[in-house]
Amino acid sequence: MIENLPLKTMTFDGYTIEGYSRAAVQTYWRIPELKIGFDMGGSPWSFMGTQTFFLSHAHLDHMAGLPAFVARRRMMKMGPPTIYVPAKVAESVEKMLRSWQKLDRGRMICNLVAAEPDAEYELSREHVVTTFETKHTVPSLGYIIWERRNKLKPEYQHLSGSEIRDIRLSGVEVSGEIRKPIVCYCGDTAPQGLDNCPAVYESKILITELTFFRPEHRKEKIHKFGHTHLDDILERADKFKNELIILGHLSTRYHEDQFRRAIDKKMPEELKKRVELWV
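Predicted model only: the values in this text are computed from it and were never measured.

Definitions and limits used
- Residues numbered from 1 in each chain as written.
- Predicted model: local features only at pLDDT ≥ 70, side-chain atom pairs only at ≥ 80, totals over all residues.
- Heavy atoms only, no water.
- Buried < 20%, exposed > 50% of the residue type's maximum accessible area, 1.4 Å probe, protein only.
- Helix = DSSP H or I, 4+ residues; strand = E, 2+ residues; numbered from the N terminus.
- Arc of directions from axis to C-beta.
- Contact = heavy atoms within 4.5 Å.
- Pairing = 2+ DSSP bridges.
- Axes fitted to C-alpha atoms, helices over the stretch in contact; angles between N-to-C directions.

Caption draft 1: Inspection of helix H2 (residues 66-75) at higher detail. Of all the residues in H2, the buried ones are Leu 66, Pro 67, Phe 69, Val 70 and Arg 73. All buried residues of H2 lie within an arc of 165° about the axis, which places them on one face of the element. Here the buried face of H2 lies against strand S4 (36-40), strand S5 (52-54), helix H1 (60-63), strand S6 (82-86) and helix H3 (87-104). Directly after H2, the chain includes Lys 77, whose backbone phi takes a positive value near 60°.

Caption draft 2: Looking closely at the sheet that holds S4. Strands sit in the order S1-S2-S3-S4-S5-S6-S7 across an open sheet of seven strands; the sheet is mixed. Both outer strands of the open sheet, strand S1 (8-12) and strand S7 (111-115), are each paired with one neighbouring strand and no more. Sheet twist, expressed as the mean angle between neighbouring strand axes with direction ignored, is 20°. In the sheet, S5 pairs with S6 via three bridges, with the strands oriented parallel. The residue bridging Phe 54 from the neighbouring strand is Tyr 84, located in S6.

Caption draft 3: Local environment of unusual backbone geometry. Here Lys 77, not a glycine, exhibits a phi torsion of approximately 60°, which is positive. Within the fold, Lys 77 resides in the loop between H2 and S6. We classify Lys 77 as exposed; its relative accessible area is 77%.

Here it is as structure tokens:
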């Protein structure tokens, strides 16, 4: 496999998380088992086989790789990808792809979905995605992937198989849909974006940003520009019920070891043992 961009990989509870994220450089993620990816600041060659991507916002370090991804899939005779973008920028993204089509002299074919806040989209029989509004300097969305299963309703669980069959044949629905949030992706956001959706704190895997950490950083300015400070994470320590919390998008002003030392010093052990600093 061609390795054209940096890529970190880890596995957790049957899921593979791959990606890279550094503020103002590039951000891109994918989870092969779910056949989805998030953001496209770059387009690793290995990501080409993933057909569905959810883009959080239109800053270059999160979207610059989109034309290359669409063009490469066509070149390799793969089907058009499905790309979800915030509805407010969908028209501009479509114009951008048409402009690249003229420049490249190759068709830019994709299924572009204008995703609205607080909406739901079906991915498969087993999975749906819901959106929530995040807080950034441009229109932005977070995405939650839900696993859904049909389960026997509690009032019928004591019955035998033949009794359940007879009730079902009578036209009564004996099962109900159960949903679990398995992956939440926040993109770039001030802490308000985390608080906009309770399932952010309940998903099995949470991928969010940690751009700044130093005590002298002015948090009101950080929040104004749509980013999160370590103190924002610490203030919400008791809210995080996630089994894995991936913190990426570190500021390029500082070395990764500085972030590690700050987390080791300030973060409660119960939270820290679930945190993966993505460097």
